[in-house]
Amino acid sequence: MGKTADLTAVQKAIIDTLKREGKTQKEISERIGCSQSAVSRHLSGKSVGRKKCGKKRCTTRRGDRTLRKIVEKDRFQTLGDLRKQWTESGLETSRATVQRRVLLNQKQRQKRLTWATEKQHWTVAQWSKVLFSDENKFCMSFGNQGARVWRKTGEKEMPKCLKSSVKYPQSVMVWGAMSAAGVGPLCFIKGRVNAASYQEILEHFMLPSAEKLYGDEDFVFQHDLAPAHSAKTTGKLLLQKLK
């Protein structure tokens, strides 16, 4: 039988509905599969959730609203600028906290927490087996891909989210990989990175890098969830080459 702390929002709603229909606490508990005392505590308003675990949240909801107001004043501020203003308002936080509050939604935060929880006890030896990789665009002249802007979905055309920039700045796209064992060669990419071009990078740069750094030893290849990285054909290639 479930305890009061185990009741979900759906179960609580069902309890309230059945109570209004005149059902007894025993009938309700049998209906939703929890203890009668859990039903009684919920109806009496004494239901208490589980004690929260993990690191205490370093900001309040009010503090988060303050940050949103700071962002809305100037959508083109850097993380450093946002952190400085937020700190001046009375909240001492890190750049990472600012980035999480502004950029990540609840689902993304949960995925990151799950990933971190699974690996929180990894040893240095385990992390040394991870080959990290990513690609990035570097601009060679003024413009730098256009200024970064803090905005939500649907705000793309808002005047305060727009800023003039150089139309075609000189730039270069580069892929690279690194690990505790060393770094791999840089791959200079022409054009956009799609699944086909990314798979060529894996075959001609990532796999040779892994061979050089790890030899016949096992390793973990780490990349993000960019469309080219998460494509089914890319996953199939990795399974074939790394099994």
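Refer to the structure presented above.
On a predicted model such as this, the values are computed, not experimentally measured, just so you know. (Residues numbered from 1 in each chain as written. Predicted model: local features only at pLDDT ≥ 70, side-chain atom pairs only at ≥ 80, totals over all residues. Heavy atoms only, no water.)

### Quick notes on the overall build of the protein chain
Right, on to step 1. Scanning the protein chain from terminus to terminus reveals 11 helices and 5 strands.
Right, on to step 2. By residue count, 28% of the 243 residues in the protein chain fall in the buried class.
Right, on to step 3. Counting contacts in the protein chain only where the partners sit at least 6 residues apart, residues at least 24 apart contribute 64% of the total.
Right, on to step 4. Of the roughly 17700 Å² that the protein chain leaves accessible, carbon and sulfur atoms contribute 53%. (Helix = DSSP H or I, 4+ residues; strand = E, 2+ residues; numbered from the N terminus. Buried < 20%, exposed > 50% of the residue type's maximum accessible area, 1.4 Å probe, protein only. Contact = heavy atoms within 4.5 Å. Areas by Shrake-Rupley, 256 points an atom, 1.4 Å probe, with all protein chains shown as cover.)

### What about the pairing of strand β1 (residues 130-139)?
Right, on to step 1. One ladder, built from 3 bridges, connects β1 with strand β5 (residues 220-222); its direction is parallel. Bridge pairing links Phe 132 to Gln 222 in β5. (Pairing = 2+ DSSP bridges.)

### A closer look at the pairing of strand β2 (residues 171-179)
Right, on to step 1. As paired elements, β1 and β2 share 8 bridges and run antiparallel to each other. Each residue of the ladder has a partner; that of Glu 135, found in β2, is Trp 175.
Right, on to step 2. Across 2 bridges, the pairing between β2 and strand β3 (residues 182-183) is antiparallel. Its bridge partner being in β3, Met 178 is matched across the sheet by Val 183.
Right, on to step 3. Counted along the chain from β2 to the antiparallel partner β3, the turn is 2 residues long.

### A closer look at the packing of helix α2 (residues 25-32) against helix α3 (residues 36-43)
Right, on to step 1. Interhelical geometry of α2 versus α3 gives an angle of 115° and a closest axis separation of 8 Å. Regarding the angle of α2 to α3, the classification is roughly perpendicular. As for how α2 packs across α3, the hand of that crossing is right-handed. Residues Gln 25, Lys 26, Ile 28 and Ser 29 of α2 lie in contact with α3, whose contacting residues are Gln 36, Val 39, Ser 40 and Leu 43.
Right, on to step 2. Partitioned by chemical class, the residues of the contact of α2 with α3 number 3 nonpolar, 4 polar and 1 charged. (Axes fitted to C-alpha atoms, helices over the stretch in contact; angles between N-to-C directions. Parallel < 35°, antiparallel > 145°, perpendicular 65-115°, else oblique. Left-handed = near helix turned anticlockwise from the far one by under 90°. Nonpolar A, V, L, I, M, F, W, Y, C, P; charged D, E, K, R; others polar.)

### Quick word on helix α5 (residues 79-88)
One full turn of an α-helix is made of 3.6 residues, so residues set three or four places apart face in the same direction.
Right, on to step 1. For α5, the set of buried residues is Leu 79, Leu 82 and Trp 86. Buried positions in α5, seen along its axis, are confined to an arc of 65° and lie on one side of it. Across from the buried face of α5, at angles greater than 90 degrees, the exposed residues are Lys 84 and Glu 88.
Right, on to step 2. Directly after α5, the chain includes Gly 90, whose backbone phi takes a positive value near 115°. (Arc of directions from axis to C-beta.)

### Some words on the side chain of His 229
Right, on to step 1. Along the chain, the position of His 229 falls in helix α10 (residues 227-230).
Right, on to step 2. Given the relative accessible area of 4%, His 229 is considered buried.
Right, on to step 3. Among the polar contacts made by the side chain of His 229, one reaches the side chain of Asp 224 at a distance of 2.6 Å.
Right, on to step 4. Once you skip the residues sitting within four places of it in the chain, His 229 turns out to touch Asp 134, Glu 135, Tyr 198, His 223, Asp 224 and Thr 234. (Polar contact = N/O pair within 3.5 Å; in protein donor to acceptor, adjacent residues only side chain to side chain.)

### Points about a positive patch on the surface
Right, on to step 1. A cluster of basic residues, Arg 61, Arg 62, Arg 65, Arg 68, Lys 69, Lys 73 and Lys 152, forms a positive patch at the surface.
Right, on to step 2. Assignment of secondary structure puts Arg 65 in helix α4 (residues 61-73).
Right, on to step 3. A relative accessible area of 43% places Arg 65 in the partly exposed class. (Patch = residues over 30% accessible without salt bridge, like charges linked within 9 Å, V, L, I, M, F, W, Y side chains within 5 Å. Salt bridge = Lys/Arg side-chain N within 4 Å of Asp/Glu carboxyl O. Lys, Arg positive; Asp, Glu negative; His and termini not counted. Charge placed at Lys NZ, Arg CZ, Asp CG, Glu CD.)

### As for the packing of aromatic side chains
Right, on to step 1. Inspection of every chain in the model, using the stated rule, returns 3 aromatic pairs.
Right, on to step 2. With a centroid separation of 4.8 Å and an interplanar angle of 55°, the aromatic rings of Trp 122 and Trp 127 are classed as tilted.
Right, on to step 3. According to the relative accessible area criterion, Trp 122 is partly exposed, its value standing at 26%.
Right, on to step 4. By relative accessible area, which is 29% here, Trp 127 ends up partly exposed.
Right, on to step 5. Aromatic ring contacts, followed pair by pair, group Trp 115, Trp 122 and Trp 127 into a single cluster. (Phe/Tyr/Trp six-rings, centres within 6.5 Å; stacked < 30°, edge-to-face > 60°.)

### Remarks on the pattern of salt bridges
Right, on to step 1. Summed over all chains, the structure comprises 3 salt bridges.
Right, on to step 2. A salt bridge links Glu 118 to Lys 119, with the shortest nitrogen-to-oxygen separation between them at 3.9 Å.
Right, on to step 3. Relative accessible area serves as the criterion here: at 17%, Lys 119 is assigned to the buried category.
Right, on to step 4. Among the ionic pairs, Glu 203 bridges to Lys 241, the shortest N-O distance being 3.6 Å.

Nothing here speaks to function; it is all geometry.
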